[in-house]
Amino acid sequence: MVPGPPSDPRRDGDHPVDPVDPDDPIGPDGTALRRLLDEAVADVRPADRLGEIRRRTAQRRRSGRRWLPVVVGAGVATAAVVGGVAGLGSLSSGPTDRDDAPAASPGTQLVQATAVYFVGDTPDGPRLFREFQPLPAEAAVDAIDQALSRVDPTGGPADPDYRTLWPAGAFADVTVGSDRITVTLGSEEALDRPAGVSAREARLGVQQVVYTADAAVARTLPIAFEHDGAPARRVLGVEVEELIERDRQYDVLSPVNVSDPAEGTVVEGDVLRVRGTTTESVDSVTWQVETAGGTDDVQQGIGAGTFGGEVTETPAETGGMGWEADIDLTHLDPGEYRLVVTVRGTGQTTDRPGRYRDTRTFVVR
Amino acid sequence: MRATTVTSYAALPALAGTVPASRVVTDRSRADGSRLDADEGIEQLYLVHWDRMVRLSVLLVRDQGVAEEIAQDAYIAVHQRWDRLNDPDRALAYLRQAIVNRSRSALRHRGVVQRYLARQSAPADVPGSDEKVLGDARRELVLDALRQLPRRQREVLALRYYMDLSEAEIAETLGISRGAVKSHASRGAAALRPILDELGPDVRGA
């Protein structure tokens, strides 16, 4: 029966009937407000989502799993895959739904791939990686606000290999001016260097915001941080100028970064289009598909017939350092796989030549 | 411009050997009161708090479907940071913070939700009980009023009067000062007073 008479006991078992804090009284209006808000949602019967939460958290654990190269049959080993290279410009939109038809329900809101930058590890130390997240289509200050809510750890990366350096509640407000984006910091904690983070890495944390905010509005504006009504001189423990420019030094971005697929993508068709960027003009980008090896038969998957490929093409023609390949999935059983994309860095943007990689997991249905 | 690439299966070295071995699984016994692992902790948080967290989000974003999405994402965010949260109270505080933060960004696309609701303004429930209809009307009234409040006031009211948090806890959740909590709470309560007066004794108590 709704609403119940005032004398009814509270419907929620875990709701304290009278949580009295003597220093913090809520008064008679408070009691009435409590009843009002309680009643307003008392009839909400949330769907049971524990199963879905479990499924998604189980997927997150995959970063610690052992992965094996996928072995394919001899018949497939002769197949060719068509790939190619595209300019950076066309890569940056990601899997975008630009359907302009009016939305009919919350289920069909316009969603677009939004670039959010996180920190990940490479053999040459931490770097920024870009991750596209499907977020409601927004513009201007709303787009920045939304993207920064993903840099906040309560949002966070989908890829378990990435991390954010910012504390929860760091970003209180955003404004966009003609010459700057101003981000108001809402937490003292955001001024100090996070525990266990090096000075060099903290610099990447600051650039997380610069790169993410700039991507949200597709402009290269400097960022001004404010705290308590004044310019913040120290952010994540880094001494900063009033205007923080995008750091274009060679060692900020990962030498290789996957744009598509998004982490955890479920692939329904027979072809997976993979694409991404590199920061060096490398000769080739190699990719390999691996499967989770949950058994002791570690050796089983290694040997002839590894499933992988190579993209070798001429970024010079397109002016960008993008890569793209279509991976034929017809011979893969349903299940979870990991895409590993590797470049052999030549030392243009790293202190040490070597293999740099980025990974994504995807699910074949 | 698209270049053709020939894929060479079998030509690649196997990379499996470079992949770190699987995570260390420690066996934590419950009997000695040691920590729950992330799965167990999330399940606990779910069993005890799921309904209230969704309802909290409904107070902030109004739409139940959106609220369930937000709450689900928030639980996953807590799972991800479980080892760093390190204590059930902090996990709960983080969960609340994630719900509020995510409800805030969901509000940025409210326009669409509102259009959807406007089209479906008739109560979806089967009529037949006056009390039910009255209840719906009152609920709409309250949720509408909340929706019209400035965001901070709405958040403070929901945390204060629905979640029963102290001013200090609210200040921490929202990253604002206690003084700001006080002023948002009193302004928000003042804005809702006409509704209190309208509903009168029903909500004010005997």
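The model shown is predicted, which means the values in this text are computed figures rather than measured ones. (Residues numbered from 1 in each chain as written. Chains lettered and ligands numbered in written order. Predicted model: local features only at pLDDT ≥ 70, side-chain atom pairs only at ≥ 80, totals over all residues. Heavy atoms only, no water.)

1. Describing the nonpolar core
In a soluble, globular protein the nonpolar side chains are often hidden away together inside.
Stage number 1. One finds B:L45, B:L59, B:Y75 and B:V78 to be the most contacted residues of the largest nonpolar core, which totals 63 residues.
Stage number 2. Per-element accounting of this core gives the leading share, twelve residues, to helix α1 (residues 38-61) of chain B.
Stage number 3. Discounting residues that sit within four places of it in the chain, B:L45 has contacts with B:W50, B:Y75, B:V78, B:W82, B:A91, B:L92 and B:L95.
Stage number 4. Ranked by size, the runner-up nonpolar core spans 45 residues in total, among them A:V206, A:A213, A:F225 and A:V252. (Core = buried A, V, L, I, M, F, W, Y, C linked by side-chain atoms within 4.5 Å. Buried < 20%, exposed > 50% of the residue type's maximum accessible area, 1.4 Å probe, protein only. Helix = DSSP H or I, 4+ residues; strand = E, 2+ residues; numbered from the N terminus. Contact = heavy atoms within 4.5 Å.)

2. Quick notes on helix α4 (residues 140-151) of chain A
Residues and elements named next belong to chain A.
Stage number 1. The end-to-end C-alpha distance of α4, which contains twelve residues, comes to 17 Å, matching closely the 16 Å that a straight helix rising 1.5 Å per residue would cover.
Stage number 2. For α4, the tally of buried residues reaches nine of twelve residues, placing the bulk of the element in the interior.
Stage number 3. Within the span of α4, buried status applies to A143, I144, D145, Q146, A147, L148, S149, R150 and V151. (Expected span 1.5 Å × (residues − 1).)

3. Observations regarding α1(B)
Side chains three or four residues apart in an α-helix point the same way, a direct result of the helix having 3.6 residues per turn.
Residues and elements named next belong to chain B.
Stage number 1. Counted at 1.5 Å a residue, the expected span for α1 with its 24 residues is 34 Å, but the 28 Å between its end C-alpha atoms falls short.
Stage number 2. The sharpest bend along α1 reaches about 70° and sits at H49.
Stage number 3. Judged by how many residues are buried, α1 sits mostly within the fold: 17 of 24 residues are covered.
Stage number 4. Taking the backbone nitrogen of D39 as reference, a side-chain oxygen 3.0 Å away marks D37 as the first, capping residue of α1.
Stage number 5. Immediately beyond the C-terminal end of α1, within one or two residues, lies R62, with a positive phi of roughly 80°. (Bend = angle between axes of the 7 residues up to and from the residue. Polar contact = N/O pair within 3.5 Å; in protein donor to acceptor, adjacent residues only side chain to side chain.)

4. What to know about the pairing of strand β16 (residues 322-328) of chain A
Residue and element names in this part refer to chain A.
Stage number 1. Among the seven residues in β16, six count as buried, and that is most of the element.
Stage number 2. Both strand β13 (residues 271-278) and β16 contribute to a ladder of seven bridges, which runs antiparallel. Counted as the bridge partner of G276 is W323 from β16. (Pairing = 2+ DSSP bridges.)

5. Things to note about unusual backbone geometry
All names here are of chain A.
Stage number 1. Cis geometry marks the peptide bond from D260 to P261; its omega dihedral reads 0°.
Stage number 2. Position of P261 relative to the elements: it lies in the loop between β11 (256-260) and β12 (265-267).
Stage number 3. Phi at A140 is positive, roughly 50°, even though this residue is not glycine.
Stage number 4. Looking at where A140 falls in the secondary structure, it is placed in helix α4.
Stage number 5. Since its relative accessible area comes to 46%, A140 is described here as partly exposed.

6. As for the sheet that holds strand β7 (residues 223-227) of chain A
All names here are of chain A.
Stage number 1. If you trace the four strands from one edge of the open sheet to the other, you get β5-β6-β7-β8, paired in mixed fashion. Looking along the sheet, the strands with just one partner apiece sit at the ends: β5 (171-176) and β8 (230-231).
Stage number 2. α4 contacts β5 and β6 (181-185) of the sheet and is inclined by roughly 150° relative to β5. (Axes fitted to C-alpha atoms, helices over the stretch in contact; angles between N-to-C directions.)

7. Comments concerning the packing of aromatic side chains
Stage number 1. Applying the stated criterion across every chain, the model contains eight aromatic pairs over all chains.
Stage number 2. Ring geometry for A:W166 versus A:F171: centroids 4.9 Å apart, planes at 50°, classification tilted.
Stage number 3. We classify A:W166 as buried; its relative accessible area is 2%.
Stage number 4. Lying over the aromatic face of A:Y211, A:R246 brings its terminal NZ or CZ to 4.0 Å of the ring centre.
Stage number 5. In this structure, B:R52 is placed above the aromatic ring of B:Y162, and the distance from its NZ or CZ to the ring centre is 4.5 Å. (Phe/Tyr/Trp six-rings, centres within 6.5 Å; stacked < 30°, edge-to-face > 60°. Lys NZ or Arg CZ within 6 Å of the ring centre and 35° of its normal.)

8. What to know about the packing of helix α7 (residues 151-162) of chain B against helix α8 (residues 167-174) of chain B
Residue and element names in this part refer to chain B.
Stage number 1. Running from N to C, α7 and α8 point in directions that differ by 135°, and their axes come no closer than 10 Å. What the angle tells us is that α7 and α8 run oblique. The crossing of α7 and α8 is right-handed. When α7 is examined against α8, the residues R152, E155, V156, L159 and R160 are found in contact with a partner set consisting of E167, I170, T173 and L174.
Stage number 2. Residue classes in the contact of α7 with α8 are distributed as four nonpolar, one polar and four charged. (Parallel < 35°, antiparallel > 145°, perpendicular 65-115°, else oblique. Left-handed = near helix turned anticlockwise from the far one by under 90°. Nonpolar A, V, L, I, M, F, W, Y, C, P; charged D, E, K, R; others polar.)

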